[in-house]
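Reading the structure
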Amino acid sequence: MVKKNQTAVTEFLLLGFGDLHDLKILLFVLLLVIYIMALTGNALVSLLVMVSKNLHSPMYVFLSQLSLSEILFTSNIQPSMLWLTLVGGGKMSIIRCLFHSYLLAACGVTQCLLLISMSFDRYLAICKPLHYTVIMTCRLQLQIVSLCWSMGLMLSLVIYVFLYRLEFCGPDTINHFYCDVAPVLELSCSDISSVKLVTSMVSTPLIVCPLLFIIATYIFIFHTILKISSSIKRQKAFSTCSSHLTVVCLYFGSLASIYIFSPKSNSSNTKSNSSNTSKYLSLIYILVTPFFNPVIYSLRNQDIRGAIIKYIHILGSWQLK
């Protein structure tokens, strides 16, 4: 066996938002505020589900896991993004860069699978109410949650292994604020055809199949809701899944903005502009989704609002004592 040559490049230079110059302090403060609010909101949802007995239903168990994945996701990307924004770009080792890419993919896969689980839960609750408690047992919930996390970690590891085997001989500059797969592949001097094939084989079904499954379940859900004679019961049934549907649209919409609608070009004249556009579109996925998910569920869900008000009153009574 021929020994693998040592790579000439050991670090990547991430440009971040270095082109903003005088606005970088303002952007840093804005990103920091959004990061803190997203972290606090998702942690609050997870904590409420854990301590509130009336939130121990399957829908909220899956929601708490979604919030947990958002915490891991945003803590993986945003601290380094804040650092790159403040210093106007910086270097990151290849190992660290690839590990960031792995965690990003693992959280993305886990979130897709959790959204499937939540849609399946809503389908059972609305379309099969008499069998709901029999099917959606605590054991099944644990199995579903374990499957979502294990598949997210293992399937992403397949891509990471192929990325780790690549050689990088220069250039070493990534016009982005995090290490996504596509810009990393552009810097490799190895044959990347196998990596592209594996990435496509893993990522495409994990985006398309969950979306198709969710659409199918909601077709059955809406069909069942429309057959309910009472308008009050119809409204109540729809309200139980409206938050989830909003999050699904936000999540898959942000993914589409990056990987489908983001402009791509191989031309040297337009490549820089395409990279900048893709970079700013990525902010939708990196910032908007983790920030708005807890907001959507807090504002649109009566149970979570009730739990928040309850514990605010408890804290208030403790302070009075």
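Please refer to the structure placed before this passage.
Note that the coordinates shown come from a computational prediction; the quantities given were computed from them, not determined experimentally.

**With respect to the overall build of the protein**
Within the protein, the secondary structure is distributed over ten helices and three strands. Overall, the protein shows an N-to-C arrangement of helices and strands of β-α-α-β-α-α-α-β-α-α-α-α-α. Out of the 321 residues in the protein, the part that is buried amounts to 45%. Considering only intrachain contacts with a sequence separation of at least 6, the fraction spanning at least 24 residues in the protein is 80%. Just so you have it, the protein exposes about 16,900 Å², and 69% of that area is on carbon and sulfur atoms.

**A look at the nonpolar core**
Core analysis: the biggest nonpolar cluster contains 88 residues, and F12, L115 and I286 have the highest contact counts within it. Sorting elements by how many residues they give to this core places helix 3 (residues 94-127) first, with 17 residues. Apart from the residues within four sequence positions on either side, F12 is in contact with G90, K91, M92, I94, C97, F168, D172, I174, V184 and L187.

**Here we look at the state of the cysteines**
Evaluated as defined, the whole model comprises two disulfides. C97 shares a disulfide with C179; S-S distance 1.6 Å. Taking the torsion about the S-S bond as the criterion, the C97 to C179 disulfide, at about -115°, is left-handed. Of this pair, C97 sits in helix 3 while C179 sits in the loop between strand 3 (173-174) and helix 6 (181-186); the two residues are 82 residues apart in sequence, bridging distant segments of the chain. This pair shows no difference in class: C97 is buried, exactly as C179 is. Bridging C169 to C189, the disulfide has an S-S length of 2.2 Å. Here C169 and C189 share a disulfide; its torsion about the S-S bond, 50°, makes the bridge right-handed. Within this pair, whereas C169 is found in the loop between helix 5 (138-164) and strand 3, its partner C189 is found in the loop between helix 6 and helix 7 (193-226), the two being separated by 20 residues in sequence.

**A few points about the packing of aromatic side chains**
Given two aromatic rings, one states the distance between the centres and the angle between the planes to describe the pair. In the structure shown here, the tally under the stated rule is ten aromatic pairs. An angle of 90° between the planes, with centres 5.4 Å apart, marks the rings of Y251 and F252 as edge-to-face. Accessibility classification places Y251 together with F252 in one group, the buried group. Taken together, the aromatic side chains of F99, Y102, Y160 and Y164 make up a single cluster linked through ring pairs. Over the aromatic face of F162 sits the side chain of R165, whose NZ or CZ is 5.9 Å from the ring centroid.

**Focus: the pattern of salt bridges**
Enumeration according to the criterion identifies one salt bridge in this entry. Taking the shortest distance from any N to any O, the salt bridge between R122 and D121 comes out at 2.8 Å. Given the relative accessible area of 0%, D121 is considered buried.

**Concerning empty space enclosed by the protein**
Tallied over the full model, the rule gives one cavity of 30 Å³ or more. Volume-wise, the largest cavity comes out at about 30 Å³. S101, Y102, A105, S156, I159, Y160, L163 and V181 together form the lining of the largest cavity. Elements with a minimum of two residues in the lining of the largest cavity: helix 3 and helix 5. Top contributing element to the lining of the largest cavity by residue count: helix 5, with four residues.

**Points about helix 3**
End to end, helix 3 covers 49 Å across 34 residues, agreeing with the expected 50 Å (1.5 Å per residue, within 8%). A large share of helix 3 lies buried, amounting to 27 of its 34 residues.

**With respect to the layout of surface pockets**
Of the pockets and cavities examined, the second largest pocket occupies roughly 340 Å³. Around the second largest pocket, the lining is made up of 13 residues, and of these K236, S239, T240, Q302 and D303 lie nearest the centre. For the lining of the second largest pocket, the secondary structure elements donating two or more residues are helix 2 (58-87), helix 8 (231-259) and helix 10 (302-320). Here the element with the most residues in the lining of the second largest pocket is helix 8; it accounts for four residues.

**Observations concerning the sheet that holds strand 3**
The mixed open sheet is built from three strands, whose spatial order is 2-1-3. If you trace the sheet from one side to the other, it starts and ends with strand 2 (90-93) and strand 3, each paired once. Packed onto the sheet, helix 3 meets strand 1 (11-14), strand 2 and strand 3 and runs at close to 80° relative to strand 2.

**So, the environment of Y178**
Take Y178: it is sitting in the loop between strand 3 and helix 6. By relative accessible area, Y178 is classed as buried at 2%. The sequence separation of Y178 and N76 amounts to 102 residues, and the corresponding C-alpha distance is 9.5 Å.

Criteria and cut-off values
Residues numbered from 1 in each chain as written. Predicted model: local features only at pLDDT ≥ 70, side-chain atom pairs only at ≥ 80, totals over all residues. Heavy atoms only, no water. Helix = DSSP H or I, 4+ residues; strand = E, 2+ residues; numbered from the N terminus. Buried < 20%, exposed > 50% of the residue type's maximum accessible area, 1.4 Å probe, protein only. Contact = heavy atoms within 4.5 Å. Areas by Shrake-Rupley, 256 points an atom, 1.4 Å probe, with all protein chains shown as cover. Core = buried A, V, L, I, M, F, W, Y, C linked by side-chain atoms within 4.5 Å. Disulfide = S-S within 2.5 Å. Phe/Tyr/Trp six-rings, centres within 6.5 Å; stacked < 30°, edge-to-face > 60°. Lys NZ or Arg CZ within 6 Å of the ring centre and 35° of its normal. Salt bridge = Lys/Arg side-chain N within 4 Å of Asp/Glu carboxyl O. 1 Å grid on protein atoms, 1.4 Å probe; cavity = no way out; pocket = protein on both sides within 12 Å on 5 of 7 lines; lining within 4 Å. Points joined across faces, edges and corners; volume = space filled by probe spheres on them. Expected span 1.5 Å × (residues − 1). Pairing = 2+ DSSP bridges. Axes fitted to C-alpha atoms, helices over the stretch in contact; angles between N-to-C directions.

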